[in-house]
Amino acid sequence: MRTAVREEPSLRSSQRVASPRRYLMCPPTHFQVTYSINPWMDPAKPVDLRLALTQWEDLRDRYLALGHTVELLDPEPDLPDMVFAANGATVVDGRVLIARFAHPERTAEAAAHLAWFRAHGYTEIREPVHVNEAEGDFAVTSSYLLAGRGFRSSPLSHSEAQEFFGRPVIGLDLVDPRYYHLDTALCVLDDAADEIMYYPGAFSPGSRAVLARLFPDALIAGAEDAAEFGLNAVSDGRNVMLPQTATGLFEPLRERGFEPVPMDLGELLKGGGSVKCCTQELRP
Ligand code: ARG
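Residues numbered from 1 in each chain as written. Predicted model: local features only at pLDDT ≥ 70, side-chain atom pairs only at ≥ 80, totals over all residues. Heavy atoms only, no water.

Chemist: What am I meant to see in the overall build of the chain here?
Modeler: In terms of helices and strands, the chain carries eight helices and 15 strands. Taking 19 Å as the expected radius of gyration for a compact globule of 284 residues, we find that the chain reaches 17 Å, a close match to that expectation. Once the C-alpha set of the chain is aligned to its principal axes, its extents read approximately 55 × 40 × 35 Å. Counting only contacts in the chain whose residues sit at least 6 apart along the sequence, the fraction spanning at least 24 positions is 70%. For the chain, the accessible area works out to roughly 12,000 Å², and carbon and sulfur atoms hold 51% of it. One way to put it: in the chain the 27 positive side-chain charges average out to a point 4 Å from where the 40 negative ones average out. (Helix = DSSP H or I, 4+ residues; strand = E, 2+ residues; numbered from the N terminus. Rg over C-alpha atoms; globule rule 2.2 N^0.38 Å. Contact = heavy atoms within 4.5 Å. Areas by Shrake-Rupley, 256 points an atom, 1.4 Å probe, with all protein chains shown as cover. Lys, Arg positive; Asp, Glu negative; His and termini not counted. Charge placed at Lys NZ, Arg CZ, Asp CG, Glu CD.)

As structure tokens, this is what we get:
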């Protein structure tokens, strides 16, 4: 049992340091909502493609301005959800677990990710046996690989990931269809520690108890910010890029020493995705 000295938030704030990240993104060149595989997607609602592109470019430029590296995946015409690059693969310690999508509409995206990793010098690549939607459902903290299930990734993918990465997997049951991927309800704020924020309402009672036990100091998000996709955020250890409408999270993040960086990805939300969905992290 570890005994920890609980630090004052103000004390912690001065110690937050961003670490340089490498992200893989895919421009929304062919983004559309032509099918519906989550409750946010309404094919009857028009998408402003120019606006989607501008919003995506703002996110990419923000990463670059913060000193991060952004790699690009070539968008393919018949894969309108490809902009949600987080779903294509999970990379930890340079090992790559490719996705296997739950819905046929997205199946072919996995091959595009596989080709990218092969072309970029990765050698430890696993093509999975079980359905997993990559960082949509896997989140990396210093101690665990948190893994969502219930809507997309198969529970069997959890043991597959544990075996491949050699990290303890904590399975979490998602119960609200609006939060169909783990990254719509939980965000790792500091991956050098075990610091997260999450929306309890997205999880089963048992999973909520597990989260409370493992992360007693987590930032708890309310229903309103969750509904603004506020948990679909990316943190570099200091700066937290998150949807600009999730205003209720700004102050709690600041109190913990993080810098909220509000982003507008409103057009991409029509596909059921935001900041994190557009960003796959390539962990060295
Ligand atoms: N339309 C996409 C889907 O339903 C959105 C994926 C969002 N990505 C994510 N990482 N949550 O599959």
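The structure having been displayed, the exposition proceeds.
Chemist: Where do I start with the site of the ligand in this structure?
Modeler: Around the ligand, a shell composed of 16 residues is seen, among which N38, R106, D183, G271 and C277 lie nearest. Take D81: an N or O atom from its side chain is 2.9 Å from a nitrogen atom of the ligand. In this structure, an oxygen atom belonging to the ligand sits 2.7 Å away from a side-chain N or O atom of R106. In isolation the ligand has 350 Å² of accessible area, and contact with the protein removes 100% of it. The cavity that encloses the ligand is the second largest cavity. Classifying every residue of the shell around the ligand gives five nonpolar, seven polar and four charged. (Near = heavy atom within 4 Å. Polar contact = N/O pair within 3.5 Å; in protein donor to acceptor, adjacent residues only side chain to side chain. 1 Å grid on protein atoms, 1.4 Å probe; cavity = no way out; pocket = protein on both sides within 12 Å on 5 of 7 lines; lining within 4 Å. Sits in = over half its atoms within 2 Å of the grid points. Nonpolar A, V, L, I, M, F, W, Y, C, P; charged D, E, K, R; others polar.)

Chemist: Teacher, can you tell me more about the packing of aromatic side chains here?
Modeler: Aromatic ring pairs are described here by two measures, namely the spacing of the ring centres and the angle between the planes. Under the criterion given, the structure shown has 10 aromatic pairs. Aromatic pair F31 and F84: ring centres 6.0 Å apart, planes at 90°, arrangement edge-to-face. Of this pair, F31 sits in the loop between β1 (22–25) and α2 (49–65) while F84 sits in the loop between β2 (69–72) and β3 (89–92); the two residues are 53 residues apart in sequence, bridging distant segments of the chain. For the pair F31 and F84, a shared accessibility class is recorded, and that class is buried. Pairing F164 with F165 gives two aromatic rings, centres 5.0 Å apart and planes at 65°, and the pair type is edge-to-face. Given the relative accessible area of 8%, F165 is considered buried. Of the aromatic side chains, those joined through ring pairs into one cluster are W116, F117 and Y122. In this arrangement the basic side chain of R95 is found over the ring face of F164, its NZ or CZ atom lying 4.3 Å from the centre. (Phe/Tyr/Trp six-rings, centres within 6.5 Å; stacked < 30°, edge-to-face > 60°. Buried < 20%, exposed > 50% of the residue type's maximum accessible area, 1.4 Å probe, protein only. Lys NZ or Arg CZ within 6 Å of the ring centre and 35° of its normal.)

Chemist: Any chance you could explain the sheet that holds β3 here in plain terms?
Modeler: Paired through their backbone hydrogen bonds, the strands of a sheet run either parallel or antiparallel. Pairing within the open sheet is mixed, and its three strands lie in the order β3-β4-β5. Two strands lie at the open edges of the sheet, namely β3 and β5 (125–126), each paired on one side alone. In this fold helix α4 (residues 155–165) packs onto β3, β4 (95–98) and β5, with an angle of close to 165° to the strand it touches most, β4. (Pairing = 2+ DSSP bridges. Axes fitted to C-alpha atoms, helices over the stretch in contact; angles between N-to-C directions.)

Chemist: Honestly, empty space enclosed by the protein in this entry has me stumped. Any pointers?
Modeler: In this approach the atoms are scanned with a rolling probe the size of a water molecule, which exposes any empty space left behind. Counting across every chain of the model gives three cavities of 30 Å³ or more. In this structure, the largest cavity occupies an estimated 260 Å³ of space. The wall of the largest cavity is formed by 23 residues, among which V188, A233, K276, E281 and R283 lie closest to the centre. Secondary-structure elements contributing two or more residues to the lining of the largest cavity are β6 (138–140), β9 (186–190) and β12 (234–235). For the lining of the largest cavity, the element with the highest residue contribution is β9, accounting for five residues. Here the lining of the largest cavity is composed, by residue class, of 12 nonpolar, three polar and eight charged. (Points joined across faces, edges and corners; volume = space filled by probe spheres on them.)

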